[in-house]
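Tertiary structure, described
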Amino acid sequence: MASQTFYSNGKLLLTGEYVVLDGAEALAVPTRFGQNLTIKHGVAQELKWTSFDADKSIWFQDILTFSEIKNKDVSEKNDAVKNTLIEILHQASLQNPTILNEHGYEIETHLTFPRNWGLGTSSTLINNIAQWFQVDAFELLRKSFGGSGYDIACAQSNSPIIYQLENEIPNFKTVSFNPTFMDQIYFVYLNQKQSSKSAITTYLTQRHKSLSVCSKINTITQEVVQCTSPEAFAQLMEYHEILMSEVLETTTIKEQLFLDFKGVIKSLGAWGGDFIMVLSKDDPKKYFTEKGYAVVLKYDEVAL
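First, a word on what this report is: a plain description of the structure on this page.

**With respect to the overall build of the protein**
The secondary structure content of the protein amounts to eleven helices and eleven strands. Over its C-alpha atoms the protein spans a radius of gyration of 20 Å, differing by no more than 12% from the 19 Å that the globule rule assigns to 304 residues. Counting only C-alpha atoms, the protein reaches 60 × 40 × 35 Å along its principal axes. Counting only residues that meet the buried cut, the protein has 55% of its 304 residues in that class. Here the protein contributes 26 positive and 35 negative side-chain charges, whose respective centroids are spaced 1 Å apart.

**Thoughts on the layout of surface pockets**
Counted as a void, the second largest pocket has a volume near 270 Å³. Lining the second largest pocket are 16 residues, with Arg-142, Gly-147, Ser-148, Leu-165 and Glu-168 sitting closest to its centre. Contributions of two or more residues to the lining of the second largest pocket are made by α4 (137-144) and α6 (196-204). No other element matches α4, which puts four residues into the lining of the second largest pocket.

**Thoughts on the side chain of Glu-46**
In this structure, Glu-46 sits in strand β3 (residues 46-52). An unpaired buried charge is present at Glu-46: no salt bridge exists, and Lys-48, the closest side chain of opposite charge, is 7.6 Å distant. Once residues within four sequence positions are removed from consideration, Glu-46 is found in contact with Ile-63, Leu-64, Thr-65, Phe-66, Gly-104 and Tyr-105.

**A short note on the environment of Asn-71**
You can see Asn-71 is positioned in the loop between α1 (66-70) and α2 (80-95). The exposure class of Asn-71 is exposed, given its relative accessible area of 52%. Asn-71 sits 19 residues away from His-90 along the chain, and the two C-alpha atoms are 7.5 Å apart.

**With respect to α4**
The set of residues buried in α4 consists of Ala-137, Phe-138, Leu-140, Leu-141 and Ser-144. Within α4, the buried residues cover an arc of 160 degrees as seen down the axis, which keeps them to one side. Where the residues of α4 are buried, they touch α2, α3 (121-133), α5 (150-155), β6 (161-166), β7 (169-174) and α6. Between a side-chain oxygen at the N-terminus of α4 and the backbone nitrogen of Phe-138 the separation is 2.8 Å; the capping residue is Asp-136.

**A look at the nonpolar core**
Core analysis: the biggest nonpolar cluster contains 49 residues, and Leu-12, Leu-14, Phe-187, Phe-233, Phe-275 and Tyr-299 have the highest contact counts within it. Among the elements of the structure, β2 (26-42), β8 (185-189), α6, α7 (214-226), α8 (230-248), β10 (275-279) and α11 (299-302) are those that each provide at least two residues to this core. Per element, the largest residue contribution to this core is eight residues, and it comes from α8. Residue contacts for Phe-275: discarding those within four places in its chain leaves Leu-12, Trp-117, Leu-119, Phe-187, Val-188, Tyr-189, Ser-267, Leu-268, Val-295 and Leu-297. Listed in part, the 41 residues of the second largest apolar core include Leu-47, Tyr-105, Leu-125 and Ile-126.

**Topic: the sheet that holds strand β11 (residues 296-298)**
Reading across from one edge, β9-β10-β8-β11 is the order of the four strands in this open sheet, with antiparallel pairing throughout. Each edge of the open sheet is held by one strand with a lone partner, namely β9 (264-267) and β11. Averaged over all pairs of adjacent strands, the angle between their axes in this sheet comes to 30 degrees, without regard to strand direction. Strand direction decides the pairing type here: β8 and β11, joined by three bridges, are antiparallel.

**A look at the packing of aromatic side chains**
Here a ring pair, both rings aromatic, is described through the centre-centre distance and the interplanar angle of the planes. Applying the stated rule across the entire model yields 19 aromatic pairs. With centroids separated by 6.2 Å and ring planes inclined at 25 degrees, the aromatic side chains of Tyr-163 and Phe-172 adopt a geometry described as stacked. Looking at Phe-172, the relative accessible area reads 30%, which means it is partly exposed. Here the aromatic rings of Phe-258 and Tyr-293 are separated by 5.4 Å at their centres, their planes lie at 70 degrees, and the arrangement is edge-to-face. Of this pair, Phe-258 sits in the loop between α9 (253-257) and β9 while Tyr-293 sits in the loop between α10 (285-290) and β11, and the two are 35 residues apart along the sequence. For the pair formed by Phe-258 and Tyr-293, the shared burial category is buried. An aromatic cluster is built from Phe-177, Phe-181, Phe-187, Phe-233 and Tyr-299, whose rings are joined through pairwise contacts.

Each value, and the rule that gives it
- Residues numbered from 1 in each chain as written.
- Predicted model: local features only at pLDDT ≥ 70, side-chain atom pairs only at ≥ 80, totals over all residues.
- Heavy atoms only, no water.
- Helix = DSSP H or I, 4+ residues; strand = E, 2+ residues; numbered from the N terminus.
- Rg over C-alpha atoms; globule rule 2.2 N^0.38 Å.
- Buried < 20%, exposed > 50% of the residue type's maximum accessible area, 1.4 Å probe, protein only.
- Lys, Arg positive; Asp, Glu negative; His and termini not counted.
- Charge placed at Lys NZ, Arg CZ, Asp CG, Glu CD.
- 1 Å grid on protein atoms, 1.4 Å probe; cavity = no way out; pocket = protein on both sides within 12 Å on 5 of 7 lines; lining within 4 Å.
- Points joined across faces, edges and corners; volume = space filled by probe spheres on them.
- Salt bridge = Lys/Arg side-chain N within 4 Å of Asp/Glu carboxyl O.
- Contact = heavy atoms within 4.5 Å.
- Arc of directions from axis to C-beta.
- Polar contact = N/O pair within 3.5 Å; in protein donor to acceptor, adjacent residues only side chain to side chain.
- Core = buried A, V, L, I, M, F, W, Y, C linked by side-chain atoms within 4.5 Å.
- Pairing = 2+ DSSP bridges.
- Axes fitted to C-alpha atoms, helices over the stretch in contact; angles between N-to-C directions.
- Phe/Tyr/Trp six-rings, centres within 6.5 Å; stacked < 30°, edge-to-face > 60°.

This is the structure we're talking about:
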């Protein structure tokens, strides 16, 4: 077999973080960054796996036998990444047993964003594996890694989407989100990777408080898509932060770190890490760089 390559887009969740798990409508954008997965023939009954970061350095390398995958041989002795990979591949092979047959494979994955940015290392991997095994990526996510699935929808989409779980079933549609004030929107990396899995687990223990805010978040999401002025967008972002601050019983990131900032700041995804969205009339790069946050990207540098 000639080599095959699959590609999936990364993701950013602009509204609806956490409450998307409870059926709230969320605005998400696929990113210009993503991950490739390339497959070649290899040694029988094994996968020789190599994962490259954006700087071409190897961040994971191992050999996984077909029996390890089929029997889901995860153990504390294994690297945590290896265990996660075995779980994903195990579920994929249950859904399509024909892929792991007599011959083996050499697999390479290549991120086009630094792994610690949190733009979807896992979701792009799951979507790529689903393409390879020709199985449903949402089901693969649900049975292996968990989560709302908005990131899988982004992996498969080339424009912004509104995503919603209806009776646990993923539902999403592409929308036109192209605000005239796009040049005032920035994304700033907070220098620490958040674990989506543990953030979800923490949230689920207090989700009862979120159900009353879902309809408010839905309204915000719909209004954000229609937004024509930066002032209205700023008010919606601030209101969203207040609502989620109450649900999560956590102070907003602006209160924690950037109280003197002259613009609006909104957390994205798991609070306390990964990226924040910033709305500012002036280029905020100097402000954030001086505070030690060197990755400040314009909206159109990130979003597809």
